[in-house]
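Coordinate inspection notes
Listed below are the residues making up each chain.
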Amino acid sequence: MPNKNDYKLLFDINSPDDIKKLEGHDLKLLCSEIRQYMVDVISQIGGHFGGGLGAVELTVALHKVFNTPYDQIVWDTGHQAYPHKIITGRRDALKTIRQFKGISGFLKRSESPYDSFGAGHASTSISAALGMAVASDILKENRKVVAVIGDGAMTGGMAYEAMNNSGLLKKNLIVVLNDNQMSIAPNVWQISKYFNEMISHPEYNRFKGAIWDLTGKLDYFGDRLRKVAARIEQGIKAVLTPGMLFEALGFRYFGPINGHNITQLVRLFEHVKDLNGPILVHVLTEKGKGYKPAENHSQRLHAATPFDKLTGVSLKKGTSLPSYTSVFGNALVEIAKSNDKVVGITAAMPDGTGLDKLQAEIPERYYDVGIAEEHAVTFAAGLATQGIIPVVAIYSTFLQRAFDQIIHDVALQNLHVVFALDRAGLVGADGPTHHGTFDLSYLRMIPNIVIMAPKDEAELRNMLYTAVNYKKGPIALRYPRGNALGVELKEGFEEIEIGKSERIKSGNDLALLAVGSMVDYASQAANILAQQGIEAEIINMRFIKPLDEQMLFEIATKFDKIVTLEENSLIGGFGSGVIEFYNDHHVKADVLRIGLPDEFVEHGAQKELHQMLGIDPEGIAQKVTAFLKNKNYKNGVVA
């Protein structure tokens, strides 16, 4: 871990108050040391990296100028907020970030008063900040509120909804657009710097206000002068800046400015912090700034596993096992090559969903809609009306954002859209904002939809093939984060009968009905139980909707004790569906549901979280043993 002797300033910075004492050279040195510290720590433990490196000067400037935490800074998603954590009292805790019982990789209100708003999903910052600004007015407080949005979050429609409302309400709000996607020539830097200093200077704004007041007293001639003055100012901005869109939404626009010039940032924030109404400051930054491997490979080092500090190359030992994501991506390419109506849709996550393979092989049938899950689903619905077969590959947690579109635009019209839900279940280090723990619950209630979960990578391939060939309406498959099991992948595909389960192992004492990732755990738990003389039957249910009713009747006839296993919230999930079925058909069955509790599960390695919740093989075996002994249960936990 970092050696304190390598740092001149950083270990004297325990809160933003310490930054306010620094000027000039010391501010620049602090920024350099924050970058060095991030490289030193994250290279050893892994974490989100590139975005934070690009936001160092911006972070330092904001905390120097504004009176945080009284003044509130709302960071979008949190990927860019590691420097914020370092200078707000969590420097020494950075070594625990995203680890079990450590600090969160995102913003978390319960973690620090400086984290004004929790964020893990993109495009929320402006809406939240506007709410805080309105609350400040209601409570007659004079808080400054700043939203920092960037790293792709401006591709989300929610950001523009919030900006539109901000322009109408005209509350005091500063939005910082941290733009790391564009470059700009040096001569434009100088013009922009001069222009922004001019229009943000207090004297200019007082002069402008005086002119506005004077011309207001000159009736028709004054109105004409106002229009001419406004056209001149707008014309200059239109020529020199890309800010007309933001001006049209009711924001005063300043930028673009160099986001790595700490002096310029501090000066501009000092000028704009007391201006009235919505303000947008457009800051140009470089993702991975100051660390060459990240500058050259910003996407690869957006979120990194432990890596070599000199080269940026991952130190993680390779595995021969493919990830579920890569198995899905390869299967989709194979299917698309044999069916020219198949297309793939992602919401700004081509690598994360495996659609980068389709992008490389058949780019004309690959669509990245940006961070716009709602649009992605309705876009897919439109394609489906014309006989195209859209495969919408989105993380389980992000598909939550398109719940209405799944119902209204897809299921209600019974359109053939394939939903591929990656990262279903507990995802590990990214924690509660990214766990895919609710999809079975929020999809199962929707009419017309079919829901599947594969037990392994071979079944994933066959389920994708089945979903593409299914013509009767929407169909979804969910699969976990991480490496697959290593089963043999045969050439070609086999279609699976809709609603048909499979018996993995016969037994005489009880039945384990499992879906998805829990099938393998059920098999391991059954081996543990066998050592105790308990013979469990294992059923891979495959389908959460429709359930295999024939199998459920057969199981209820054969066994007094039935256990359901799922990596989803127990409320409304697979187990609930089984109990509902037995209740609706007046079948007496003693059912134990094992799954995720009614709480937001914290971050940590997947196996650590499984152990903590008792849904690992050993935990399952213990619960089953207690269930057979008729101990009391509450939500799958021994009382």
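Structure report, in brief. This is a predicted model, so every value here is computed, not measured. (Residues numbered from 1 in each chain as written. Predicted model: local features only at pLDDT ≥ 70, side-chain atom pairs only at ≥ 80, totals over all residues. Heavy atoms only, no water.)

**A look at the sheet that holds strand 14 (residues 502–505)**
- Across the sheet, which stays open at both edges, the 5 strands sit in the order 14-16-15-18-19 with mixed pairing between neighbours. The sheet is open, and its two edges are formed by strand 14 and strand 19 (590–596), each paired on a single side. Strand-to-strand, the axes of this sheet are offset by a mean angle of 25°, without reference to chain direction.
- Of the pairings in the sheet, the one linking strand 15 (residues 510–514) to strand 16 (residues 536–540) comprises 5 bridges and is parallel in character. When the bridges of strand 16 are listed, Ala514 appears paired with Asn540. (Pairing = 2+ DSSP bridges. Helix = DSSP H or I, 4+ residues; strand = E, 2+ residues; numbered from the N terminus. Axes fitted to C-alpha atoms, helices over the stretch in contact; angles between N-to-C directions.)

**What about the environment of Glu494?**
- Summarising the element assignment, Glu494 is placed in the loop between strand 13 (475–478) and strand 14.
- Through-space distance from the C-alpha of Glu494 to that of Met463 is 8.4 Å; in sequence the pair is 31 residues apart.
- Residues contacting Glu494, with those up to four places away along its chain left out, are Asn462, Tyr465 and Thr466. (Contact = heavy atoms within 4.5 Å.)

**Notes on unusual backbone geometry**
- Residue Pro69 follows Thr68 across a cis peptide bond; omega there is 5°.
- Mapped onto the elements, Pro69 comes out in the loop between helix 4 (56–65) and strand 2 (72–75).
- Note the cis peptide between Gly255 and Pro256, where omega equals -5°.
- The residue Pro256 is located in strand 5 (residues 252–258) in this model.
- Backbone geometry places Asn448, a non-glycine residue, at a positive phi of 80°.
- For Asn448, the location among the structural elements is in the loop between helix 20 (439–444) and strand 12 (450–452).
- The backbone of Arg542 sits at a positive phi, close to 65°, despite the residue not being glycine.
- Mapped onto the secondary structure, Arg542 falls in the loop between strand 16 and strand 17 (543–545).
- Its relative accessible area of 15% is what places Arg542 among the buried residues. (Buried < 20%, exposed > 50% of the residue type's maximum accessible area, 1.4 Å probe, protein only.)

**Focus on the sheet that holds strand 2**
- Taking strand neighbours across the sheet as the criterion, the 5 strands line up as 2-3-4-6-5 in an open arrangement whose pairing is parallel. Unpaired on one side and paired on the other, strand 2 and strand 5 mark the two borders of the sheet. Across the sheet, the axes of successive neighbouring strands diverge by a mean angle of 20°, strand direction being ignored.
- In the sheet, strand 2 pairs with strand 3 (residues 145–150) via 4 bridges, with the strands oriented parallel. Note on strand 3: the bridge partner recorded for Ile73 is Val146.
- Sheet contacts for helix 4: strand 2, strand 3 and strand 4 (173–179); angle to strand 2, the most-contacted strand, approximately 160°.

**Some thoughts on the packing of aromatic side chains**
- Counted by the stated rule, this structure contains 13 aromatic pairs.
- When the centroid spacing of 5.9 Å and the interplanar angle of 80° are considered together, the rings of Phe11 and Tyr37 count as edge-to-face. Placement of the pair is Phe11 in the segment before helix 1 (16–19) and Tyr37 in helix 2 (residues 24–45), with a sequence separation of 26 residues.
- Both rings, one in Phe246 and one in Tyr253, keep their centres 5.9 Å apart while their planes meet at 5°; by these two values the pair is stacked. In this structure, Phe246 and Tyr253 share a single accessibility class: buried.
- Ring pairs connect the aromatic residues Tyr7, Phe11 and Tyr37, which therefore count as one cluster.
- Note that Arg143 overlies the ring of Tyr70, its terminal NZ or CZ placed 4.3 Å from the centroid.
- The ring of Phe627 has Lys561 lying over it, and the distance from NZ or CZ to the ring centre is 4.6 Å. (Phe/Tyr/Trp six-rings, centres within 6.5 Å; stacked < 30°, edge-to-face > 60°. Lys NZ or Arg CZ within 6 Å of the ring centre and 35° of its normal.)

**Quick look at the pairing of strand 6 (residues 278–284)**
- Counting buried positions along strand 6 yields 7 of 7 residues, so the element is predominantly enclosed.
- Relative to strand 6, strand 4 runs parallel, the two sharing 7 bridges. Looking across to strand 6, one finds that Val176 is bridged to Val281.
- Here strand 5 runs beside strand 6; their pairing, made up of 5 bridges, is parallel.

**Considerations on the pattern of salt bridges**
- Throughout the structure, instances matching the rule amount to 29 salt bridges.
- Ionic pairing is found between Arg90 and Glu111, a salt bridge with its closest N-O pair at 2.8 Å. Placement of Arg90 in helix 5 (residues 82–90) and of Glu111 in the loop between helix 5 and helix 6 (125–138) is noted, with a sequence separation of 21 residues between them.
- Given the relative accessible area of 5%, Arg90 is considered buried.
- Residue Asp456 is joined to Lys455 by a salt bridge in which the shortest nitrogen-to-oxygen separation is 3.8 Å. Neither residue differs from the other here; Asp456 and Lys455 are each classed as buried.
- Sharing partners across several salt bridges, the network here consists of Lys455, Asp456, Glu459, Glu502 and Arg542. (Salt bridge = Lys/Arg side-chain N within 4 Å of Asp/Glu carboxyl O.)

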